[in-house]
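# Remarks on the overall topology
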Amino acid sequence: MKFDLVVIGGGPGGLAAAIEAKKNGVENILVIERDKELGGILQQCIHNGFGLHEFKEELTGPEYAERFILELQKMNIEYKLDTMVLDVTPEKVIHAINTVDGYMAIEAKSIILAMGCRERTRGAIAMPGERPAGIFTAGTAQRFINMEGYMVGKKVVILGSGDIGLIMARRMTLEGAEVEAVVELMPFSGGLARNIAQCLDDYGIPLYLSHTIVDIVGKERLEKVTIAKVDENRRPIPGTEITYDCDTLLLSVGLIPENDISRNTGIVMDRRTNGPIVNHTMETSIEGVFACGNVVHVHDLVDFVSEEGERAGRFGFLIFC
Ligand SMILES: Cc1cc2nc3c(=O)[nH]c(=O)nc-3n(C[C@H](O)[C@H](O)[C@H](O)COP(=O)(O)OP(=O)(O)OC[C@H]3O[C@@H](n4cnc5c(N)ncnc54)[C@H](O)[C@@H]3O)c2cc1C
């Protein structure tokens, strides 16, 4: 298979890039997405607040994604779902696999990397205690509840007060769970003030700043979590412990750009962002390989991801001129 442009990742970054490239005259485009549908992480973000910059409207995540998916389909841009990209060579051959076509080696004149980011897990933060079931990243819980139809627990503690942690505190409450506390290591929350008001204050959920988890107890399923206040060196202060009976702990402790493929290809990375170094056209250190969205650095707002995708799509096209 040969394409002028292959976009890896069908989230908002990849969709905007493919659409913009087509608008600029690139005919032969393929979008590759490992999930069952296009839209990326937005499909699980069913709360509103998306699109204020891009559409001057307040949309839910799936509504925002739908606008781009419909445009992509209207433009007859080819895409493959349920298809995992395994590797990209510096010569721009993409190795991918799915259950219909099997193993594929796809040649591309130009590639746009739009693989998004992944969440930090318990393993990424030295967390003491036993290792029972009931500990999820906030995004995994969000997907289980909003897309797969599974409720993850009844009594919940959340570690991390960025926007994903705050939104999940409200979501769990609306689904009937009791959220005991949101715990934040830093002396301030990383989330928007509006989310603290609407997701915690409105539901009487306490936020413990300068606190961390010092113990996890549970044999099969999580039974207790102990938190404690930390000093200015982020060390727990003895005597400040509070123990919660709970069956679920959600971790919202950071996102990491998804760059295993970029690293294997030999693309030069930025140690500060964990994403590829890109120039003003979003081109990486390999000519004709571009990147956009959360794979470059973690964005707060999806609207800016779309903007960046458009830039990559526009300049991805220019290399053919
Ligand atoms: C859990 C979570 C919740 C979030 N909530 C919000 C929110 O409420 N509001 C907000 O503005 N932003 C939110 N964000 C930020 C959000 O990630 C961005 O706004 C935006 O979705 C990023 O777009 P993207 O296209 O860069 O990445 P994504 O939306 O993550 O899309 C990347 C796509 O690439 C695919 N992919 C990855 N690797 C491969 C591969 N090897 N082969 C094939 N396909 C691949 C993935 O399946 C995915 O569909 C959230 C992020 C996370 C992780």
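Note that this is a predicted model, so its numbers are computed, not measured.

### Here's the deal with the state of the cysteines
Throughout the structure, instances matching the rule amount to zero disulfides. The cysteine Cys-45 is free of any disulfide, with Cys-117 supplying the nearest cysteine sulfur at 10 Å. For Cys-45, a relative accessible area of 10% puts it in the buried group.

### Considerations on the packing of aromatic side chains
Summed over the entire model, instances satisfying the criterion amount to five aromatic pairs. Through pairs of rings, three or more aromatic residues link up here, namely Phe-55, Tyr-64 and Phe-68. We note Arg-67 situated over the ring of Phe-55; from NZ or CZ to the ring centre the distance is 4.8 Å.

### Regarding the site of the ligand
Taken together, 31 residues lie around the ligand, and Gly-13, Glu-33, His-47, Phe-50 and Asn-294 are the ones closest in. Between the ligand and Pro-12 there is a distance of 3.3 Å, counted from an oxygen atom to a backbone nitrogen or oxygen. Interatomic distance of 3.3 Å between a backbone N/O atom of Val-302 and an oxygen atom of the ligand. Residue assignment for the shell around the ligand shows that the elements contributing at least two residues are α1 (12-23), β6 (84-88), α3 (138-148) and α7 (302-318). Split by residue class, the shell around the ligand holds 16 nonpolar, twelve polar and three charged.

### Looking at the sheet that holds strand β14 (residues 211-217)
Strands sit in the order β14-β15-β16 across an open sheet of three strands; the sheet is antiparallel. Each edge of the sheet is formed by a strand with only one pairing partner; in this case those strands are β14 and β16 (242-245). The mean angle between the axes of side-by-side strands here comes to 25°, regardless of whether they run parallel or antiparallel. With four bridges joining them, strand β15 (residues 224-229) and β16 adopt antiparallel strand pairing. Each residue of the ladder has a partner; that of Ile-227, found in β16, is Ile-242.

### Some words on the packing of α1 against helix α2 (residues 61-74)
Contact pair α1 / α2: the axes reach a minimum separation of 10 Å and the direction vectors enclose 35°. Crossing of α1 over α2 shows left-handed handedness. Residues Pro-12, Leu-15, Ala-16, Ala-18, Ile-19 and Lys-23 of α1 form the contact with α2, whose participating residues are Tyr-64, Ala-65, Phe-68, Ile-69, Glu-71 and Leu-72. In the contact of α1 with α2, the residues fall into ten nonpolar, no polar and two charged.

Conventions adopted
Residues numbered from 1 in each chain as written. Predicted model: local features only at pLDDT ≥ 70, side-chain atom pairs only at ≥ 80, totals over all residues. Heavy atoms only, no water. Disulfide = S-S within 2.5 Å. Buried < 20%, exposed > 50% of the residue type's maximum accessible area, 1.4 Å probe, protein only. Phe/Tyr/Trp six-rings, centres within 6.5 Å; stacked < 30°, edge-to-face > 60°. Lys NZ or Arg CZ within 6 Å of the ring centre and 35° of its normal. Near = heavy atom within 4 Å. Polar contact = N/O pair within 3.5 Å; in protein donor to acceptor, adjacent residues only side chain to side chain. Helix = DSSP H or I, 4+ residues; strand = E, 2+ residues; numbered from the N terminus. Nonpolar A, V, L, I, M, F, W, Y, C, P; charged D, E, K, R; others polar. Pairing = 2+ DSSP bridges. Axes fitted to C-alpha atoms, helices over the stretch in contact; angles between N-to-C directions. Left-handed = near helix turned anticlockwise from the far one by under 90°. Contact = heavy atoms within 4.5 Å.

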